[in-house]
Amino acid sequence: QVQLVESGGGLVQPGGSLRLSCAASGASGFTFSNYAMSWFRQAPGKEREWVAGITATGGVTNSADDVKGRFTISRDNAKNTVSLQMNSLKPDDTAVYYCAASRVRIYIGPAPSMYGDWGQGTQVTVSS
């Protein structure tokens, strides 16, 4: 099992930026580079939605249409971390953001069932 801890959320004005981080750890033998990683978000009263994903090696990324050009996912396998750089934030980006790990090394799609491990989430609020 993978333990995931998100950080970096907070209150930001529209047009501002935030950088979220997710630190991964596990039992003896855990290898972060064996897992594809994604960020999801869930706004009040809405279903959890996929935001962006990155393959295990970091060679391929993908993101949802409504964040393309604004959000960038990256990872550092030496530090067991995955990050989400969020620019040009909008009020509609307000949500709890979760990182998730998939044992399918190349899976970076939106199906929550493909991710076996989830963090507790970090709140992002975009408001003036």
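Presented here is an overview of the structure given in this document. (Residues numbered from 1 in each chain as written. Predicted model: local features only at pLDDT ≥ 70, side-chain atom pairs only at ≥ 80, totals over all residues. Heavy atoms only, no water.)

### Some details on the environment of A23
- Tracing the sequence through the fold places A23 in strand 3 (residues 18-26).
- C-alpha of A23 to C-alpha of Q3: the two residues are 20 residues apart in sequence and 8.1 Å apart in space.
- With sequence-adjacent residues up to four places away left out, A23 is seen in contact with Q3, L4, V5, N80 and T81. (Helix = DSSP H or I, 4+ residues; strand = E, 2+ residues; numbered from the N terminus. Contact = heavy atoms within 4.5 Å.)

### Examining the packing of aromatic side chains
- Under the criterion given, the structure shown has 5 aromatic pairs.
- Between F30 and Y35, the ring centres sit 5.7 Å apart and the planes meet at 35°, which makes this aromatic pair tilted.
- Residue Y35 is classed as buried on the basis of its relative accessible area, which comes to 12%.
- Consider the rings of Y115 and W118, whose centres lie 6.1 Å apart with planes at 65°: the pair is edge-to-face.
- Accessibility expressed as a relative area gives 24% for W118, which makes it partly exposed.
- Taken together, the ring pairs in this structure connect F40, Y107, Y115 and W118 into an aromatic cluster.
- The cationic tip of R48 hangs over the ring face of Y98; the distance from NZ or CZ to the ring centre is 3.9 Å.
- When the ring centre of W118 is taken as reference, the NZ or CZ atom of R48 above it lies at 4.8 Å. (Phe/Tyr/Trp six-rings, centres within 6.5 Å; stacked < 30°, edge-to-face > 60°. Buried < 20%, exposed > 50% of the residue type's maximum accessible area, 1.4 Å probe, protein only. Lys NZ or Arg CZ within 6 Å of the ring centre and 35° of its normal.)

### What about the sheet that holds strand 1 (residues 2-7)?
- Within the open sheet, the 4 strands sit side by side as 1-3-8-7. Their pairing is antiparallel. At either margin of the open sheet sits one strand with a lone partner, and together these are strand 1 and strand 7 (71-76). Taking the axes of each pair of neighbouring strands and ignoring which way they run, one obtains an average angle of 15° across the sheet. (Pairing = 2+ DSSP bridges. Axes fitted to C-alpha atoms, helices over the stretch in contact; angles between N-to-C directions.)

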